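Summary of the model geometry
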Amino acid sequence: MASINLIDAFQDFKDAENIDRPTMMKVVEDVFKTLLRKKYGSDENFDVIVNAEKGDLEIIRRRMIVEDGEVEDPLAQIAYSDAVKIEPDFEVGEELYQEIDLLDFGRRAILAAKQTLASRIGDIKKNALAKKYGDRVGDIISAEVYQVWKKEILLLDEEGNELILPKSEQIPQDYFKKGESIRAVIRRVDMKNNNPVIILSRTAPEFLAKLLEIEVPEIFDGLIVIKKIVRDPGERAKVAVESYDDRIDPVGACVGMKGSRIHGIVRELKNENIDVINFTTNIQLLIQRSLTPARITSMELDTENKHANVYLAPDQVSLAIGRRGVNIKLATELTGYELDVYRDNLNEDEEEFDIDLEEFTDEIDEWVIDELKRVGCDTARSVLKLSAEELERRTDLEKETINEVRRVLQTEFENE
């Protein structure tokens, strides 16, 4: 049997798990049918048979045996006298199957066919790789550092595919050595010179989202939803979460007992401070929570222009702004409102006569005081500065409870 050994080319197919056998057969068939068309002008009466296991290939030519002198189409017909030279038992009207010696194509044509086949295999592998990672964009992946360069890091996945982690997608405190295994999120797949380039990221919000999904089962199960994440990589992140189950505290579930769940993520992100806040459609409350750890005294909201003036005690202003302005910048991104921070204009006399809410525990229930503190009202005057309607919007307290609290506090100042 005349054959050409293509084991090396087939091995490439086997190595690429995403290339199935039908695709392999089709590619090989196409390559050799191209050879047939070049040599004979047509491939209609030829069968290309591929043995994928051995890496062998044979081409069978089909022709009808006709009477001598009646051959009209040499590609589809053969004269009886020529047929009996191949096999004496043939008769007119039978179909003759003849194996083509591949060496008849010539060494140059065979070499060109192998090169074309290798090229087609390479293209299929590239497309398979691009599709594989294109479908996984946003997923987290572990890879090994293979080469560290100034502007990027080259990593290898489990199958030896090359992945790129650019400097711009690294946390400023990141430092990796060759052979080290790191985690990142698949950001995108670029095509460069017809080659797929898989770009990873450790600074994308999706990376933090996936880490939370791994650490917090309630997020993975869909009981808690991440509404939005904003980050200043390596410095601070704010995560707004919402629970679809009233029995689950979304913030507590994300942080874990004594911070057990969040600590691993903080270490992964090089000690990036993570503020987990309870999402709400009440924009005033959302702004209040987004400026954590600062406590707000009062707020002026312009919903039409999406702008808010936030007033805080002097010792809270620096907390609201944060180091290098990071805290207020992230709060702005999270809420979608432009935030301006101002020192509260209380005069010294007013400050002297202000009273901590803890002093009213004999008249106001402790849980009510805790709820007022949660929205930044920890003194009597900070509560009275807000209208009853605003307190109702910002807290979970009933109108009657708010009116009673205001009455108790006002009475105290009137007695003074």
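Just above, that's the structure.
Let us look at the structure shown here. All of these numbers come straight from a predicted model, not from anything done at the bench.

Moving on: the overall build of the protein. Summing up its helical and strand segments, the protein has 16 helices and 15 strands in all. In summary, the protein has a C-alpha radius of gyration of 37 Å against a globular reference of 22 Å for 416 residues, an excess of more than 25%. Projected onto its principal axes, the C-alpha positions of the protein cover 130 × 45 × 40 Å. Considering the protein as a whole, with its 416 residues, one finds that 44% of them fall into the buried category.

Read once around its circumference, the closed barrel built from five strands follows the order E5-E6-E7-E9-E8, with strand pairing classed as mixed. With direction set aside, neighbouring strand axes in the sheet form an average angle of 50°. Looking at chain direction, strand E6 (residues 152–156) and strand E7 (residues 162–166) are connected through five bridges and run antiparallel. Among the inter-strand pairings, Glu152 is bridged to a residue of E7, identified as Pro166. Across the sheet, helix H5 (residues 205–215) touches strand E5 (140–148), strand E8 (181–192) and strand E9 (195–201), and the angle it forms with E8 is around 135°.

For the rest of this paragraph, the subject is the packing of aromatic side chains. Taken as a whole, this structure holds one aromatic pair when the rule is applied. Geometry around Tyr146 places Lys178 over its ring, the cationic atom sitting 5.2 Å from the centre.

This paragraph deals with the packing of helix H10 (residues 314–321) against helix H11 (residues 326–335). One way to put it is that H10 packs onto H11 with a least axis distance of 5 Å and a crossing angle of 65°. On the basis of their axis angle, the class for H10 and H11 is roughly perpendicular. The segment H10 lies against H11, with Leu319, Ala320 and Ile321 engaging Val326, Asn327 and Ile328. Across the contact of H10 with H11, the residue classes break down as five nonpolar, one polar and no charged.

This part is about H11. Among the ten residues in H11, eight count as buried, and that is most of the element. Within the span of H11, buried status applies to Val326, Asn327, Ile328, Leu330, Ala331, Thr332, Leu334 and Thr335. For H11, the secondary structure elements touched by its buried residues are strand E10 (224–232), strand E11 (236–243), strand E12 (273–278), helix H9 (283–290), H10 and strand E15 (338–343).

This part covers the pattern of salt bridges. Applying the stated criterion across every chain, the model contains 26 salt bridges. Put simply, Arg202 and Glu268 hold a salt bridge, and the shortest N to O gap is 2.8 Å. Here Glu268 lies in helix H8 (residues 260–268) and Arg202 lies in the loop between E9 and H5, a separation of 66 residues in the sequence. There is no split in this pair, since Arg202 and Glu268 are both buried.

What follows deals with unusual backbone geometry. Among all residues except glycine, the phi angle is most often negative; among peptide bonds, the trans geometry is most common. Note the cis peptide between Thr292 and Pro293, where omega equals 15°. Its place among the elements puts Pro293 in the loop between H9 and strand E13 (296–302). Even without glycine at this site, Asn271 takes up a positive phi of about 65°. Under the relative-accessibility criterion, Asn271 is labelled exposed at 57%. Of note in the backbone geometry, Lys306 takes a positive phi value of approximately 50° without being a glycine. Tracing the sequence through the fold places Lys306 in the loop between E13 and strand E14 (307–312). Looking at Lys306, the relative accessible area reads 45%, which means it is partly exposed.

Criteria and thresholds
Residues numbered from 1 in each chain as written. Predicted model: local features only at pLDDT ≥ 70, side-chain atom pairs only at ≥ 80, totals over all residues. Heavy atoms only, no water. Helix = DSSP H or I, 4+ residues; strand = E, 2+ residues; numbered from the N terminus. Rg over C-alpha atoms; globule rule 2.2 N^0.38 Å. Buried < 20%, exposed > 50% of the residue type's maximum accessible area, 1.4 Å probe, protein only. Pairing = 2+ DSSP bridges. Axes fitted to C-alpha atoms, helices over the stretch in contact; angles between N-to-C directions. Contact = heavy atoms within 4.5 Å. Phe/Tyr/Trp six-rings, centres within 6.5 Å; stacked < 30°, edge-to-face > 60°. Lys NZ or Arg CZ within 6 Å of the ring centre and 35° of its normal. Parallel < 35°, antiparallel > 145°, perpendicular 65-115°, else oblique. Nonpolar A, V, L, I, M, F, W, Y, C, P; charged D, E, K, R; others polar. Salt bridge = Lys/Arg side-chain N within 4 Å of Asp/Glu carboxyl O.

Nothing here speaks to function; it is geometry throughout.
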